[in-house]
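Architecture and fold: a report
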Amino acid sequence: MSGVRSRAGRLTGTIALALALAACGGRIVPPGTVADTAEPVRPSSRPPARPVHYLARPDQPQNVRPSDGRIVAATPIAAQTVYPVAGATTAATAGLVAGPPIASLPITPAQAEAARIAFARSCPGLMRRTDTSGLTRGADWRPACAAASAGSDARAFFAQYLEAVQVGDGRAFATGYYEPEIRGSLERRPGYEVPVYGRPTDLIDVDLGRFSDDLKGKKVRGRVDGSNLVPYFDRTQIEEGALARTAPVIAWAADPVEMFFLQIQGSGRLRLPDGGGVLRIGYDTQNGRAYTGIGSLMRQRGLLAPGQASMQGIVAWLRANPDQGRALMRENKSFVFFRELDGPPQGAMGYAVTGQVSAAADPKFVPLGAPVFLSLDRADASGLWVAQDTGGAIKGANRFDTFWGAGPNAELTAGGMSGRGTAFLLLPAGTLARLNPGAGLAPPQP
């Protein structure tokens, strides 16, 4: 009985702290420091993984848009002016107005076909998931999904089964991400000293909505310390050995800066030494700490010269200032844990993401799996995308992170991507009429 009582007390304390943390807007108070007796990081005892050689599938069209890093200016389609909706937390509360006819949008046949394939692949999840944007129901997508899977003229398909909708003011901001390839080894050896961690055994996910209806949709991550749930170790603590006993080491990276940016991208390839091939790794989970973009910090502190604000410029500064660079990277307390992949990287929906086709979005403003048309001041990122992923910094209406695949061109394009313009969601035909513009949807500005 004493063991049961002790366990119950521990769980009660854990839940109470979790509820208190949620009441503070999701912010987690930093835990105490790691004990000085932490042992050095050791490799996992499990056998090393067999390297994965992944070849692009023939049903994933490549090069559907220019991606060599050159910036070609474009003129975005003007958004409709609408009354702002203060405090909007979902697309349904941000206000909707009709966008232009899809047939009038400048969508190339290659973009349309690539998006049709990605959309069809996402359809099972799109119809099954609860749409937290408040715009659609699973059944709404069935006609379009059936038609997309059957295959046909892709441009005609989008024009017939979907309609363009502007969310709020429609003003879009798009960045880019890619699948990096860095140097790595399955075994620790000289020159390969940076651990690539899998999910720790003591990392706990807490769905607060299971304990209170008022907390539905709120989650925290942490670990149990005695009778309390405390925040999980931050980047500094992890780098100083906090995971020595709790996390498997998938591989060892050669460069801490390369590894830092692979964490930001969320998936990547490890090029193994001595012709050992390539090991693909993807996002498994994260330590629950808030993401801090070091590029913003560097701009605020005047560390970047004009023209240095791209990822390439940031990397160059970090390499030129190793001590300051390490301290700066540690200001991003978020830390990503990986798993081995036997295929292409997967997005938040659990489906493969496709370079130059997939994008990350905030699911509170975009149904995951829905197509999106971006009309930006950059020609390379303008056109049709499919929202198949999410990101820690991708929050709010009309905020997107475009995925460019792998390779030097993808790195160059994604690292310098910063596009602004107008976004239109492509929703099942009839959605706008069903939602009823008179019931909380924003009318056009007179």
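Residues numbered from 1 in each chain as written. Predicted model: local features only at pLDDT ≥ 70, side-chain atom pairs only at ≥ 80, totals over all residues. Heavy atoms only, no water.

Brief notes about the overall build of the protein
Keep this limit in mind: To qualify as a helix, a DSSP run of H or I must reach at least 4 residues; to qualify as a strand, a run of E must reach at least 2; elements of each kind are numbered from the N terminus. Contact criterion: two residues are considered in contact whenever any of their non-hydrogen atoms come within 4.5 Å of each other. Reported accessibility uses the Shrake-Rupley method at a 1.4 Å probe radius. Residues are deemed covered only where the shown protein chains occlude them.
For the protein, the count of helices and strands is 12 helices and 17 strands. Across the protein, the fraction of contacts at a sequence separation of at least 24, relative to all contacts at a separation of at least 6, is 81%. As displayed, the protein offers around 20700 Å² of accessible surface, 53% of which is attributable to carbon and sulfur atoms.

Observations concerning the environment of Q308
What counts, and what does not: The buried label applies to any residue whose accessible area, calculated with a 1.4 Å probe on protein chains only, is under 20% of its type's maximum; exposed applies above 50%, and partly exposed to all values in between.
With respect to the secondary-structure elements, Q308 resides in the loop between α8 (294–300) and α9 (311–320). Classification of Q308 as partly exposed rests on a relative accessible area of 25%. Residues Q308 and G295, 13 residues apart in the sequence, show an inter-C-alpha distance of 9.8 Å. If sequence neighbours within four positions are ignored, Q308 has contacts with L303, G313 and I314.

A closer look at helix α7 (residues 256–265)
In terms of residue burial, α7 counts as a mostly covered element, since 7 of its 10 residues are buried. Restricting attention to buried positions, one finds in α7 the residues V257, M259, F260, F261, L262, Q263 and Q265. Among the residues trailing α7, G266 stands out with phi positive, at a value near 95°.

Here's the deal with the packing of helix α3 (residues 109–128) against helix α5 (residues 154–161)
Two numbers describe a pair of packed helices, the interaxial angle and the distance between the axes. In plain terms, the rule: Helix axes are fitted only over the stretch in contact, all axes being lines through C-alpha atoms; the angle between N-to-C directions runs from 0 to 180 degrees. Residues are sorted three ways: Asp, Glu, Lys and Arg are charged, Ala, Val, Leu, Ile, Met, Phe, Trp, Tyr, Cys and Pro are nonpolar, and all the rest, Gly among them, are polar.
For the pair α3 and α5, interaxial distance at closest approach is 8 Å and the crossing angle is 65°. Only A154, R155, F157 and F158 of α5 make contact with α3, whose side of the interface consists of P109, A112, E113, A115, R116 and F119. Of the residues in the contact of α3 with α5, the class split is 7 nonpolar, no polar and 3 charged.

Let's talk about the state of the cysteines
What counts here: Cysteine sulfur atoms that come within 2.5 Å of each other are treated as a disulfide pair.
Applying the stated criterion to the full structure yields 1 disulfide. Residue pairing for C123: its cysteine sulfur links by disulfide to C145, the two sulfurs lying 2.1 Å apart. Its torsion about the S-S bond being -90°, the disulfide of C123 and C145 is classed as left-handed. On the criterion of sequence distance, the pair formed by C123 in helix α3 and C145 in helix α4 (residues 142–150) is long-range, its members being 22 residues apart. Across the pair, exposure class does not vary: C123 and C145 are buried alike.

Focus on the side chain of S185
Rules: In the analysis that follows, any N or O atom pair within 3.5 Å is treated as a polar contact, provided that within protein one partner can donate a hydrogen and the other can accept it, and provided that, for residues neighboring in sequence, both atoms belong to side chains.
Examined against the element boundaries, S185 turns out to sit in strand β4 (residues 181–185). A polar contact of 2.6 Å, which involves the side chain of S185, links it to the backbone oxygen of E187. Apart from residues lying up to four places away in sequence, S185 is in contact with Y192, A251, W252, L272 and P273.

Points about the sheet that holds strand β12 (residues 336–341)
To keep things clear, this is the line we draw: Paired strands, as defined in this entry, are two strands with at least two bridges between them according to DSSP.
If you trace the 6 strands from one edge of the open sheet to the other, you get β5-β9-β4-β10-β11-β12, paired in mixed fashion. A single partner strand is all that each edge strand has here, and the edge strands are β5 (194–197) and β12. Averaged over all neighbouring strand pairs, the angle between strand axes comes to 45°, with direction disregarded. Strand direction decides the pairing type here: β4 and strand β9 (residues 249–253), joined by 2 bridges, are antiparallel. Across the sheet, S185 pairs through a bridge with W252, a residue of β9. Packed on one face of the sheet, α7 meets β4, β5, β9, β10 (267–271), β11 (278–286) and β12 and runs near 145° to β10.

Some points on the sheet that holds strand β8 (residues 228–231)
Read from one edge of the open sheet, 3 strands run β6-β7-β8, paired in antiparallel fashion. Two strands in the sheet have a free side with no partner beyond their single neighbour: β6 (204–207) and β8. In this sheet, neighbouring strand axes are inclined to one another by 55° on average, regardless of whether the strands run parallel or antiparallel. Across 4 bridges, the pairing between β6 and strand β7 (residues 219–225) is antiparallel. Note that in β7 the partner of D207 across the bridge is K219.

Quick notes on the pattern of salt bridges
Formally: Whenever Lys or Arg places a side-chain nitrogen within 4 Å of a carboxyl oxygen from Asp or Glu, that contact is recorded as a salt bridge.
Counting across every chain of the model gives 21 salt bridges. Residues R183 and E258 are paired through a salt bridge, measuring 3.6 Å at the closest nitrogen-oxygen approach. Linking R183 in strand β4 with E258 in helix α7, this pair joins segments that are 75 residues apart in sequence. Exposure remark for R183: the relative accessible area of 42% places this residue in the partly exposed category.

Re unusual backbone geometry
With a phi close to 60°, D274 is a non-glycine residue in the positive phi region. With respect to the helices, strands and loops of the structure, D274 is situated in the loop between β10 and β11. With a phi angle near 70°, Q356 is a residue other than glycine that sits in the positive phi range. Assignment of secondary structure puts Q356 in the loop between β12 and β13 (358–361).

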